[in-house]
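# An overview of the molecular structure
The primary structure of each chain is shown beneath.
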Amino acid sequence: MFIQEARNHFGGIWVVSNGDNHTFSLIDLTAQAITFEVRKRNVAWFYSAIYASVVYPTHTTLWDYFTHLNSTIKGPWVILGDLNEVISPSKVQGVTFSISRASLLINALDTCNIDGLDLVGGRGVLPGEEAFRVGLIRKKLDRFMANLEWRILFSHALVELLPPINSDHNPI
């Protein structure tokens, strides 16, 4: 089990597993991310659990973290969590989309050769959206992304967006 406690009423990441046939090795721990290696028999991959800061530009340090991590780990890599940034105007409703802010994240993901996986499920007007609501504001913030090596290793992976329960986030 890996834990990054919440700070000032935001954030907080818990990674828990029953450990069946898997081993977990902590690679790095920051205020916004926990990265570890998962190993099952002779297959290994990297996993980053994310809860980006809601404060701009604090969460942009996470984008630098991605590029740094990309240069230190080699192999299949998946990133899952709340990035607190919208990367497309089609994924936001009721608030102004910022191309300059989105570009910072997009550039980091491109540098790391990370791309989002298609989601199934969810609700509302934005396919695969996170259920964040303040008035009529809706944003897709939760993401499941991986590099090509991870996509090849788990070619039949399906990412499902579940309904939110007692939260403004959809479990992925």
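Residues numbered from 1 in each chain as written. Predicted model: local features only at pLDDT ≥ 70, side-chain atom pairs only at ≥ 80, totals over all residues. Heavy atoms only, no water.

### Some points on helix H1 (residues 60-72)
Between its first and last C-alpha, H1 extends 19 Å over 13 residues, near the 18 Å set by a 1.5 Å rise per residue. For H1, the full list of buried residues reads Thr60, Leu62, Trp63, Tyr65, Phe66 and Leu69. Looking at the buried positions of H1, the neighbouring elements they touch are strand S3 (23-29), strand S4 (33-40), strand S5 (43-51), strand S6 (77-82) and helix H2 (99-111). (Helix = DSSP H or I, 4+ residues; strand = E, 2+ residues; numbered from the N terminus. Expected span 1.5 Å × (residues − 1). Buried < 20%, exposed > 50% of the residue type's maximum accessible area, 1.4 Å probe, protein only. Contact = heavy atoms within 4.5 Å.)

### As for the pattern of salt bridges
Any two side chains of opposite charge can pair if their charged atoms end up close together. Within this structure, the stated rule accounts for 2 salt bridges. For the salt bridge of arginine 39 with glutamate 37, the shortest nitrogen-to-oxygen distance reads 3.4 Å. What makes arginine 39 partly exposed here is its relative accessible area of 34%. Arginine 151 is the partner of aspartate 115 in a salt bridge, and the nearest nitrogen-oxygen pair spans 3.9 Å. With aspartate 115 in strand S8 (residues 114-116) and arginine 151 in helix H3 (residues 148-153), this pair connects stretches of sequence that are 36 residues apart. (Salt bridge = Lys/Arg side-chain N within 4 Å of Asp/Glu carboxyl O.)

### Considering the nonpolar core
With 19 residues, the main nonpolar core has Ile50, Leu62, Phe66, Trp77 and Leu83 as its most contacted residues. Listing elements by their share of this core, those giving two or more residues are S5, H1, S6 and H2. The element best represented in this core is H1, accounting for 5 residues. Residues Trp45, Val78, Leu80 and Trp150 belong to the second largest nonpolar core, which totals 13 residues. (Core = buried A, V, L, I, M, F, W, Y, C linked by side-chain atoms within 4.5 Å.)

### Here's the deal with unusual backbone geometry
Cis geometry marks the peptide bond from tyrosine 56 to proline 57, where omega comes out at 10 degrees. Take proline 57: it is sitting in the loop between S5 and H1. With a phi close to 55 degrees, arginine 41 is a non-glycine residue in the positive phi region. Within the secondary structure, arginine 41 is located in the loop between S4 and S5. One non-glycine residue, asparagine 113, lies in positive phi territory at about 55 degrees. If you trace the backbone, asparagine 113 turns up in the loop between H2 and S8. For asparagine 113, a relative accessible area of 58% puts it in the exposed group.

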